[in-house]
Amino acid sequence: LMTNSVSLGVSIAIVDHEFNILSKVISDVYEDKGEKIVNANVNAAKAGYDYIKKNSQNDFKNKLKKINSDEKILVTGNEALSIGAVKAGCKFVAIYPMTPTSTILHYMAAHDLNYDIVVKQPEDEIAGINMAIGASFAGARSMVATSGGGFCLMTEALGLAAITETPIVIVVGQRGGPSTVLPTWTEQ
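Residues numbered from 1 in each chain as written. Predicted model: local features only at pLDDT ≥ 70, side-chain atom pairs only at ≥ 80, totals over all residues. Heavy atoms only, no water.

J.: Would you mind showing me how to read the packing of helix α1 (residues 3–14) against helix α3 (residues 35–55) here?
T.: The description of two packed helices rests on the angle between their axes and on the distance between the axes. Contact geometry of α1 with α3 gives a least axis separation of 7 Å together with a crossing angle of 40 degrees. Classed by the angle they form, the pair α1 and α3 counts as oblique. Crossing geometry of α1 relative to α3 is assigned as right-handed. Where α1 abuts α3, its residues Ser5, Val6, Gly9, Val10, Ile12, Ala13 and Ile14 lie against Asn41, Ala44, Ala45, Gly48, Tyr49, Ile52 and Lys53. Looking at the contact of α1 with α3 residue by residue, the classes come out as nine nonpolar, four polar and one charged. (Axes fitted to C-alpha atoms, helices over the stretch in contact; angles between N-to-C directions. Helix = DSSP H or I, 4+ residues; strand = E, 2+ residues; numbered from the N terminus. Parallel < 35°, antiparallel > 145°, perpendicular 65-115°, else oblique. Left-handed = near helix turned anticlockwise from the far one by under 90°. Contact = heavy atoms within 4.5 Å. Nonpolar A, V, L, I, M, F, W, Y, C, P; charged D, E, K, R; others polar.)

This is the structure:
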């Protein structure tokens, strides 16, 4: 049941960050479930953290540097992904709005002028991936985002990108199940 907590502990150890920060986050997230659940998850995370610290040479390349600032930001996973794409030099985005990745389109469109990014909302997922392939072929770092059903529509074009060795980034947002009910609930 606590595999995610173990994985978080491992992740924090790999980036060489302080365990007490993760411990505080776990405590905050699970506080309404009671002290027993909080302690079990903190202990599971600590086990993952300690395992990496004990059994690795700590030669992981990605480290987190602690910054001395009280300023905090709150971002969703899609916003973090979008920020990463911008930092990586993405210059073309073609996304047909499909939950749960629609907010990537919204974020990129809201910041397109700030970062000189071309953002398109194509008529469907097939057009979106083909636009991204074309932009990449022309030299722009490009990205497309979708979920399960949309990715199925993209597979033929994905084959084109592979056979022509044209690099593109495809974000596939995982839905709660193969349906159209759960993925479109507003609380996601």
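J.: Sorry, what's going on with the nonpolar core here?
T.: Among soluble globular proteins, nonpolar side chains are generally buried collectively. The biggest cluster of nonpolar side chains holds 14 residues, and the ones touching the most others in it are Val93, Ile104, Met108 and Met143. The set of elements that each furnish at least two residues to this core consists of α4 (77–87), α5 (102–110) and β3 (142–147). Broken down by element, this core gets its largest block of residues, four residues, from α5. With ten residues, the next largest nonpolar core counts Ala13, Phe19, Val38 and Tyr49 among its residues. (Core = buried A, V, L, I, M, F, W, Y, C linked by side-chain atoms within 4.5 Å. Buried < 20%, exposed > 50% of the residue type's maximum accessible area, 1.4 Å probe, protein only.)

J.: Is there a simple way to explain the packing of aromatic side chains in this structure?
T.: Each pair of aromatic rings is reported with the distance of its centres and the angle of its planes. One pass over the full model with this rule turns up one aromatic pair. Relative to Tyr49, the ring of Phe19 has its centre 5.3 Å away and its plane inclined at 50 degrees; by these criteria the two rings are tilted. A residue pair is termed long-range when its members are at least 10 positions apart, and Phe19 in helix α2 (residues 19–30) and Tyr49 in helix α3 qualify at 30 residues. For the pair shown, Phe19 and Tyr49 are each scored as buried. Residue placement shows Lys46 over the ring face of Phe19; its charged tip is 5.4 Å from the ring centre. (Phe/Tyr/Trp six-rings, centres within 6.5 Å; stacked < 30°, edge-to-face > 60°. Lys NZ or Arg CZ within 6 Å of the ring centre and 35° of its normal.)

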